[in-house]
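# A structural walkthrough
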Amino acid sequence: MNAHTSFPASDFFATMRQRQWADASLQAMLCRAVIDETHDVKTFVFSAASDRMFCFNAGQYVVLHPTIDGAAVARSYSVSSPPTRPLDLHVTVKRTPGGLVSNWLHENLRFGDEINIEGPRGSFKLDGLPGEKPLFLAGGSGIAPLISMLRTLTDRASDLDLRLIYSARSPRDIIFRSELDALAARFPNMAVTYVCSKADPSWAGPTGRIDGPMLLRLVPDLGDRTVYACGPEQYMTALRDGLGQAGVDPRGYHEESFGAGLGGAARDVASAVSSSVHFARSGLEHRCAAGETLLDAARKCGVYVPTGCQQGVCGACRIAKLSGAVAMHDLGGLTPEEKSAGFVLACCSRAQGTVSLDL
């Protein structure tokens, strides 16, 4: 018998833990591939330059930190790969007209390029959420976190009753269509329905905007299902209205939204109060202009705050408030525990009087 060196199981698992990337830290990543999904959507495949595995929960997002025209910027994107495949990380990006980062990624990021990525983040997670009959509702590029969930469940050979309703503008805008069709064909417990909002002579499937009657027509057992939804705010608003019309229990609804910014009423209230911001660690004081956010104030003082969506959704710009009051219009970017601990979102918070921040 050939001699061999034993490798204790405890050492193996310790080594694996050391290689895990799961602590919301900033890491240098290498772009390993760029995949054209549709005419305006690409998937960027990354691996860790430090040879680490990616440990996250299906549904979470990461923050990309490219340098564009000499300036460091940051944007949040959902992870589209599943945690069951931990050696690479997929980020699916739709090119947005006028979008700084999405257009830069599409036009510049290539195989072998290095980029800093922070994560994972987000409370929109598959594991730990209840429901034996999950219904996934996606609008446009909102399919990204949901396909991470579907890939995870099918990789695990889950026997849950899986249903996806995917709304897109037209057939050519359906992202991951061939893969979704293949999964539905392979797994009898998974069903996929596409809905196109724009009329197309070649399209024989459902058309129109999502609403209560359509949901009940497509999913007769809607009331028995747990809903996981993601999409742009216009889609999400229509979806919430439709689910309300259909009588769906809000306790069985979980969402990730791309956000819609601070509403006019909240802006007016915040603008009416004379305010200032004290940056405790930097020793700087800033007198706020009408309607100015904490993020605006930080930038004017040269104080760095990481940002992502800049709409109160992703949570990348959360900062600790030491004292004072703010008017904050977040869209789920903070957990209740973070709010209780005094964290605020710089992108959608406006000082009410004097506010001191741990910056």
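Conventions adopted
- Residues numbered from 1 in each chain as written.
- Predicted model: local features only at pLDDT ≥ 70, side-chain atom pairs only at ≥ 80, totals over all residues.
- Heavy atoms only, no water.
- Helix = DSSP H or I, 4+ residues; strand = E, 2+ residues; numbered from the N terminus.
- Buried < 20%, exposed > 50% of the residue type's maximum accessible area, 1.4 Å probe, protein only.
- Contact = heavy atoms within 4.5 Å.
- Areas by Shrake-Rupley, 256 points an atom, 1.4 Å probe, with all protein chains shown as cover.
- Salt bridge = Lys/Arg side-chain N within 4 Å of Asp/Glu carboxyl O.
- Arc of directions from axis to C-beta.
- Phe/Tyr/Trp six-rings, centres within 6.5 Å; stacked < 30°, edge-to-face > 60°.
- Pairing = 2+ DSSP bridges.
- Axes fitted to C-alpha atoms, helices over the stretch in contact; angles between N-to-C directions.
- Polar contact = N/O pair within 3.5 Å; in protein donor to acceptor, adjacent residues only side chain to side chain.
- pLDDT = per-residue confidence, 0-100.
- Core = buried A, V, L, I, M, F, W, Y, C linked by side-chain atoms within 4.5 Å.
- Right-handed = clockwise from strand over helix to strand, strands pointing away.

### Topic: the overall build of the protein chain
In terms of helices and strands, the protein chain carries nine helices and 20 strands. Put simply, the protein chain has 359 residues, and 48% of those count as buried. When contacts within the protein chain are restricted to residue pairs at least 6 apart in sequence, long-range pairs at least 24 apart make up 69% of them. Within the structure as shown, the protein chain displays about 16,800 Å² of accessible surface, and the carbon and sulfur contribution to it stands at 51%.

### Regarding the pattern of salt bridges
For the coordinates displayed, the defined rule picks out 16 salt bridges. Between E107 and R95 there is a salt bridge; the shortest N-O distance is 3.0 Å. Placement of E107 in helix α2 (residues 100-108) and of R95 in the loop between β9 (89-94) and α2 is noted, with a sequence separation of twelve residues between them. Since its relative accessible area comes to 28%, R95 is described here as partly exposed. In this structure, R240 and E233 form a salt bridge, with 3.1 Å as the shortest nitrogen-oxygen distance. Here R240 falls in the partly exposed class, since its relative accessible area comes to 31%.

### Digging into helix α8 (residues 294-301)
Taken residue by residue, α8 has L294, L295, A297 and A298 as its buried positions. Projected down its long axis, α8 shows its buried positions confined to an angular sector of 160°, all on one face. Summarising the contacts, the buried residues of α8 are in contact with β16 (276-279), β17 (284-287), β18 (318-328), β19 (343-345) and β20 (349-357). Just beyond α8, the residue with positive phi is G302, at close to 75°.

### Here we look at the packing of aromatic side chains
Considering all chains together, one arrives at two aromatic pairs under this definition. Ring geometry for F136 versus Y228: centroids 5.4 Å apart, planes at 25°, classification stacked. Residue F136 is found in strand β11 (residues 134-139), and its partner Y228 is found in strand β14 (residues 226-231); the two are separated by 92 residues along the sequence. Across the pair, exposure class does not vary: F136 and Y228 are buried alike.

### Comments concerning the environment of G140
As for its position among the elements, G140 is in the loop between β11 and α3 (143-155). Judged by relative accessible area, G140 falls into the partly exposed class, the value being 25%. With residues near it in sequence (within four places) discarded, G140 still touches Y166, S167 and I175.

### Regarding the environment of Y235
By secondary structure assignment, the location of Y235 is in helix α6 (residues 233-245). Overall, Y235 belongs to the buried group, its relative accessible area being 11%. Expressed as a C-alpha distance, the spacing of Y235 and S167, which sit 68 residues apart in the sequence, is 8.7 Å.

### A few points about the sheet that holds β20
Spatially, β17-β16-β20-β18-β19 is the arrangement adopted by the five strands of the open sheet, whose pairing is mixed. Looking at strand neighbours, the two that pair on one side only are β17 and β19, the edges of this open sheet. Adjacent strand axes in the sheet meet at a mean angle of 40°, parallel and antiparallel pairs treated alike. Along the sheet, α8 makes contact with β16, β17, β18, β19 and β20, crossing β16 at roughly 60°.

### Focus on the side chain of S170
In this fold, S170 is placed in the loop between β12 (162-168) and α4 (177-186). Overall, S170 belongs to the buried group, its relative accessible area being 8%. In terms of polar contacts, S170 uses its side chain to reach the side chain of D173, at 2.6 Å.

### Focus: the confidence of the model for the protein chain
Here the protein chain averages 85 in pLDDT, and 87% of its residues register 70 or above. Within the protein chain, no element has a lower average pLDDT than helix α7 (residues 264-271), which sits at 37, and none a higher one than α4, at 98. Scored below 50 in pLDDT, residues 1-18 shows four contacts in the model against residues more than four places distant or in partner chains. In the predicted structure, residues 259-273 sits below a pLDDT of 50 and forms 25 contacts with residues beyond four places in sequence or in another chain.

### Here we look at the nonpolar core
Ranked by internal contacts, the top residues of the largest apolar core, which has 29 residues, are F136, I143, L146, L164, Y166 and L180. Those residues in contact with Y166 that sit more than four places away from it in its chain are A138, G139, G140, I143, D173, I174, I175, L180, T193, Y194 and V195.

### Side note on the pairing of β12
Counting buried positions along β12 gives seven out of seven residues, so the element sits mostly inside the fold. Of the two faces of β12, both are covered, the one formed by L162, L164, Y166 and A168 as well as the one formed by R163, I165 and S167. Two strands pair when backbone bridges link them, and β11 and β12 are joined in this way by five bridges, in the parallel orientation. Residue pairing across strands places L135 opposite R163, the latter belonging to β12. Sheet topology places β12 next to strand β13 (residues 190-196); seven bridges connect them, and they run parallel. Among the inter-strand pairings, S167 is bridged to a residue of β13, identified as V195. One crossover worth recording links β12 to the parallel β13 by way of α4, and it is right-handed.

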